[in-house]
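Chain and residue survey
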Amino acid sequence: MRAIETEKAIKQIVRSAVEAYANGFETRHIGEVNDPKGTINMKMHNVFISALAEEIQYYTSLVRSLDSSMGNMLEKMAINIAKLFYEVEQSVEGELYPEQTAKIAELLEGYKNSKNSLKPLISHYDEIKNLTTNSDVIVKTHVSDYYLFDKQTNTHHLIELKIGGDLDNKKARSEKEAIFEQYAILSNSLGKNANIKCHFATAYNRFGEDKEWKQTRVLQFFAKEELLIGKDFWNLVCCSDRGYEIVIDEYRKSAYLINNALENIKQEYLG
């Protein structure tokens, strides 16, 4: 696919995603305006919010709904873009050795213990891959946020995506455990020489694009080489060093659709 055709295809996916999201968000919330169990109305049941001014009640409830639903839209949009360039799956299935499970638990406990000098390293994946087993194996299916296969480079990418990357200690540990297990399953089925890369990704940098990513909980469990923060994530998904630029440019052009939807919803709820 030529560069100009690639850019057009990416922009079309972005615009279609924003348009569908704006229409769906508006239709759903306007349809619930008289429903006491509607998304916005239910959030207003918080007695600490309901004591505030009506506009504050509305905006507080709307922002929560907007934030969560927009995250889902961005995840789906990224998958559709990735399909232009990669074979895309969202699950990994295969054998997982008990010795690998034990090694994963050992590494995670080492990362967690502040008195332990063990820090996450890319080489730890090799420690999991190179294990042999004398025990019965289990067959496990693991849901994956993104499993991308690049035919051009024969590279497999396993990605755990958290839109803003806001993780507590428990979630950071569980995210790394999931990626470790997916890696083990893939390496067992593809062979020790398979090129498998694992990533923790965010759709944007919560510290500001091009700023250093310094969320302690994430860095406690993930090596910096694993991070795909904001621009790096979109560049990989778009298979282009201009991927982020293309996506953001089209999103900004299409954002008026969401603004229009929000204005229409506001009129229904506040008049």
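This text follows the structure it describes.
Within each chain, residues carry numbers counting from 1 in the order of the written sequence. In keeping with the model being predicted, local features are shown solely for residues with a pLDDT of at least 70 and side-chain atom pairs are shown and tallied solely at 80 or more, while totals for entire chains, interfaces and linings include all residues. To obtain the side-chain values, all non-hydrogen atoms of the structure were included, while hydrogens and water were left out.

1. With respect to the overall build of the protein chain
Counting from the N terminus, the helices are the DSSP runs of H or I reaching at least four residues and the strands are the DSSP runs of E reaching at least two. Within the protein chain one finds 11 helices and 5 strands. Along the three orthogonal principal directions, the C-alpha set of the protein chain runs to about 70 × 50 × 35 Å. Only protein chains enter the calculation, and the probe is 1.4 Å; a residue is then buried if its accessible area is under 20% of its type maximum, exposed if over 50%, and partly exposed in between. Per-residue burial for the protein chain yields a buried fraction of 45% across its 271 residues. Summed over all atoms, the accessible surface of the protein chain reaches about 14500 Å², with 49% contributed by carbon and sulfur. None of His or the chain ends enter the tally, which takes Lys and Arg as positive and Asp and Glu as negative. Think of each charge as sitting on NZ of Lys, CZ of Arg, CG of Asp or CD of Glu. If you average the places of the 34 positive and of the 40 negative side-chain charges in the protein chain, the two averages end up 3 Å apart. Values of accessible area rely on a 1.4 Å probe in the Shrake-Rupley scheme; residue burial ignores everything except the protein chains shown.

2. Some details on the pairing of strand 4 (residues 195-202)
The buried fraction of strand 4 amounts to 6 of the 8 residues, a majority that puts the element mostly inside the structure. We call two strands paired when DSSP finds no fewer than two bridges between them. Sheet analysis places strand 3 (residues 155-161) next to strand 4, joined by 7 bridges and oriented parallel. Residue pairing in the sheet places Leu158 in a bridge with Cys198 of strand 4. Crossover strand 3 to strand 4 through helix 7 (residues 169-190) is right-handed. Clockwise travel from the first strand over the helix to the second, with the strands pointing away from the viewer, marks a crossover as right-handed.

3. Observations concerning the environment of Ser65
Among the secondary structure elements, Ser65 is positioned in helix 4 (residues 54-82). The class of Ser65 is buried, set by a relative accessible area of 3%. For the pair formed by Ser65 and Gly24, sequence separation is 41 residues and the distance between their alpha carbons is 13 Å.

4. Quick look at the packing of aromatic side chains
Pairing of aromatic side chains here covers Phe, Tyr and the six-membered ring of Trp, requires ring centres within 6.5 Å, and sorts the geometry by plane angle: under 30 degrees stacked, over 60 edge-to-face, intermediate tilted. Applying the stated rule across the entire model yields 10 aromatic pairs. Ring geometry for Tyr21 and Phe25: centres 5.6 Å apart, planes at 35°, overall tilted. Residue Tyr21 and its partner Phe25 are located together in helix 1 (residues 3-31), separated by 4 residues, close to a single helical turn. In terms of burial, Tyr21 and Phe25 fall into one category: buried. Aromatic side chains Phe200 and Phe222 sit 5.1 Å apart centroid to centroid with 40° between the ring planes, which places their arrangement in the tilted category. Residue Phe200 is located in strand 4, and its partner Phe222 is located in the loop between helix 8 (216-221) and strand 5 (227-229); the two are separated by 22 residues in the primary sequence. Each of the two residues, Phe200 as well as Phe222, counts as buried. Over the ring of Phe222 we find Lys176; its NZ or CZ atom is 4.9 Å from the centre of that ring. The ring centre of Phe207 lies 5.6 Å from the NZ or CZ of Arg206, which sits over that ring. Each ring is checked for a lysine NZ or an arginine CZ that lies within 6 Å of its centre and within 35 degrees of its normal; such an atom marks a charge sitting over the ring.

5. Some points on the sheet that holds strand 5
Pairing is mixed across the open sheet formed by 5 strands, whose spatial order is 1-2-3-4-5. The open sheet has two free edges, formed respectively by strand 1 (87-96) and strand 5, since each of these has just one partner strand. Across the sheet, the axes of successive neighbouring strands diverge by a mean angle of 45°, strand direction being ignored. Contacts between helix 7 and the sheet are confined to strand 1, strand 2 (138-150), strand 3 and strand 4, with strand 1 contributing the most and set at about 80° to the helix. Geometry is summarised by axes, namely lines fitted to C-alpha atoms with helices restricted to the contacting stretch, and by angles between N-to-C directions that run from 0 to 180 degrees. Whether two residues touch is decided by their heavy atoms; if any such pair falls within 4.5 Å, the residues are in contact.

6. Focus: unusual backbone geometry
Of note in the backbone geometry, Asn154 takes a positive phi value of approximately 55° without being a glycine. Assignment of secondary structure puts Asn154 in the loop between strand 2 and strand 3. At Asp210, a residue that is not glycine, the phi angle is positive and equals roughly 75°. Relative to the assigned elements, Asp210 resides in the loop between strand 4 and helix 8. With a relative accessible area of 63%, Asp210 lands in the exposed category.

7. With respect to the side chain of Gln220
Within the secondary structure, Gln220 is located in helix 8. Among the polar contacts made by the side chain of Gln220, one reaches the main-chain carbonyl oxygen of Lys112 at a distance of 3.2 Å. Sequence-distant contacts of Gln220, defined by excluding residues within four places in its chain, comprise Tyr111, Lys112, Pro120 and Asn169. Here a polar contact means two N or O atoms within 3.5 Å. Within protein one must be a hydrogen donor candidate and the other an acceptor candidate, and residues neighboring in sequence count only if both atoms are side-chain atoms.

8. Comments concerning helix 11 (residues 256-270)
Given a rise of 1.5 Å per residue, 15 residues ought to cover 21 Å, and the 20 Å separating the end C-alpha atoms of helix 11 matches this to within 8%. Among all positions of helix 11, only Leu257, Ile258, Ala261, Leu262, Ile265 and Tyr269 are buried. Considered in projection along helix 11, the buried side chains sweep an arc of 135° and stay on one side of the axis. Backbone geometry just after helix 11 places Gly271 at a positive phi near 80°. Every helix has an expected span of 1.5 Å times one less than the residues it contains. What the arc covers is the set of directions going from the helix axis to the C-beta atoms.

9. Quick word on the nonpolar core
Core analysis: the biggest nonpolar cluster contains 44 residues, and Met77, Ile81, Tyr146, Phe233, Trp234 and Val247 have the highest contact counts within it. Contributions of two or more residues to this core are made by helix 1, helix 4, strand 2, strand 3, helix 9 (231-237), helix 10 (243-254) and helix 11. The greatest single-element share of this core, amounting to 10 residues, is contributed by helix 4. Counting 28 residues, the second largest nonpolar core, distinct from the first, contains Leu96, Tyr183, Leu186 and Trp213. Residues grouped as a nonpolar core are buried Ala, Val, Leu, Ile, Met, Phe, Trp, Tyr and Cys residues, joined through side-chain atoms within 4.5 Å.

That is the geometry; function is a separate question.
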